[in-house]
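# Structural description and commentary
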Amino acid sequence: MAWEGIIRHYRDYLPIITNKTPIVTLLEGNTPLIRATNLGKELGIDLFVKFEGLNPTGSFKDRGMTVAISKALEKGVKATICASTGNTSASAAAYSARAGIKSIVLIPKGYVALGKLAQAMIYGSIVLEVEGNFDDALNVVREASEELGIEIVNSINPYRLEGQKTASFEICDALGKAPDIQVMPVGNAGNITAYWMGYKQYKEAGKINSLPKIFGIQAKGAAPLVYNRVFEKPETIATAIRIGNPARWQEAIKAKDESGGKIIDVTDEEIIEGYKKIASKDGIFVEPASAASIAGLIKLVNLGDIPKGSLVVAIATGNGLKDPNTAISNLPPTFTVKPSIEEVKKFIQ
Ligand SMILES: *Cc1c(COP(=O)(O)O)cnc(C)c1O
């Protein structure tokens, strides 16, 4: 049967969906779980990458948005609002367009990858660039949503997490069991919360017998959960996780503690290394925040936190094409040649 999107596929696990819920979908989900043979071999583990960058707007945010926008439409809401480091706005814009409702997005000026900004604009959002960071934008959005009665579709919206948890179902369905370990980037901490909810729900339903250890990865310049303090001025090349005061702080700590995992940080240099590595070794082009997974994974193997031979899933949260500037500015320049075979030969010997 053709794929019908996460709501219809996992409806039995989404009790919030009723017969009255109009389903707004772009057929999100069903993303590939790719065995990263080459990097896995180098690290001595059985490594899979869950490539969430292949969702309709290029990130996992679509899983949450299909549920949040469907429920908003059910409520009769006329507009949605969100603060975003880019991917939430792209997703909110697309799903709101599809639902025929207005969307307003607030993004930190100068800190959103080009592709994400283009997406919010082309899908028809009202795009407001805030002179401040994500945390500042989220504070305004909370106020505006309350005062103006507009639906907030950030991950503080519980429906978002309901949708996002389906990624853990897909991983278990593909493997036939839960992985030993999951490694994922953590920004506002909605996704780590959602995955943990999903794994626990699948275990309760008898679909899996064990739970994975969850390892969360933050960027060193935006690592509130690692150092247990708010970062007033978060800084990292991985703009999707450039967040200094995560909304789901306690839930993230709980996911880590209950699962027996850890939350660690990686430097921007390590992120770029992981970014190049997963692309050049296994052909998977992810955005910098997603490469934090790979950087963290390498670090955890070196620290001995991930035993050799483990079955590991790294979450690639977003598509590399969203942020071509980071790829281009971190690689050597290309060569310019005349259109002749002699010229070409000079470069390939
Ligand atoms: C949103 C996002 C994250 C962070 O997810 P949180 O739920 O905020 O922790 C990581 N990577 C990408 C690509 C994202 O879009």
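Refer to the structure presented above.
Note that the structure is predicted; figures quoted are calculated from it, not measured.

Basis of the calculations
- Residues numbered from 1 in each chain as written.
- Predicted model: local features only at pLDDT ≥ 70, side-chain atom pairs only at ≥ 80, totals over all residues.
- Heavy atoms only, no water.
- Near = heavy atom within 4 Å.
- Polar contact = N/O pair within 3.5 Å; in protein donor to acceptor, adjacent residues only side chain to side chain.
- Areas by Shrake-Rupley, 256 points an atom, 1.4 Å probe, with all protein chains shown as cover.
- Core = buried A, V, L, I, M, F, W, Y, C linked by side-chain atoms within 4.5 Å.
- Buried < 20%, exposed > 50% of the residue type's maximum accessible area, 1.4 Å probe, protein only.
- Helix = DSSP H or I, 4+ residues; strand = E, 2+ residues; numbered from the N terminus.
- Contact = heavy atoms within 4.5 Å.
- Salt bridge = Lys/Arg side-chain N within 4 Å of Asp/Glu carboxyl O.

### Section: the site of the ligand
Of all residues adjacent to the ligand, which total 16 residues, the nearest are Lys61, Asn87, Asn188, Asn191 and Thr317. With respect to the ligand, the backbone of Gly190 contributes an N or O atom lying 3.1 Å from an oxygen atom. A distance of 2.8 Å separates an oxygen atom of the ligand from a polar atom in the backbone of Asn191. Protein chains shield 97% of the accessible area of the ligand, which is 380 Å² for the free molecule.

### Quick word on the nonpolar core
One finds Ile45, Leu47, Val183, Ile278, Leu297, Ile306 and Val312 to be the most contacted residues of the largest nonpolar core, which totals 36 residues. At the level of secondary structure, the elements contributing two or more residues to this core comprise α2 (37–43), β2 (46–51), β7 (181–185), β8 (213–219), β9 (262–266), α12 (268–282), α13 (288–303) and β10 (311–316). Sequence-distant contacts of Ile278, defined by excluding residues within four places in its chain, comprise Ala36, Leu39, Val49, Gly283, Ile284, Val286 and Ile294. With 27 residues, the next largest nonpolar core counts Leu33, Val186, Tyr202 and Ala252 among its residues.

### Notes on the pattern of salt bridges
Applying the stated rule across the entire model yields 18 salt bridges. Glu170 is the salt-bridge partner of Arg63, the closest N and O atoms lying 2.9 Å from each other. Placement of Arg63 in helix α3 (residues 61–75) and of Glu170 in helix α8 (residues 166–175) is noted, with a sequence separation of 107 residues between them. One exposure class covers both Arg63 and Glu170, and it is buried. With a shortest N-O distance of 3.2 Å, Arg248 and Glu251 are connected by a salt bridge. Overall, the relative accessible area of 29% leaves Glu251 in the partly exposed class. The network of salt bridges with shared partners includes Lys50, Glu52, Arg63 and Glu170.

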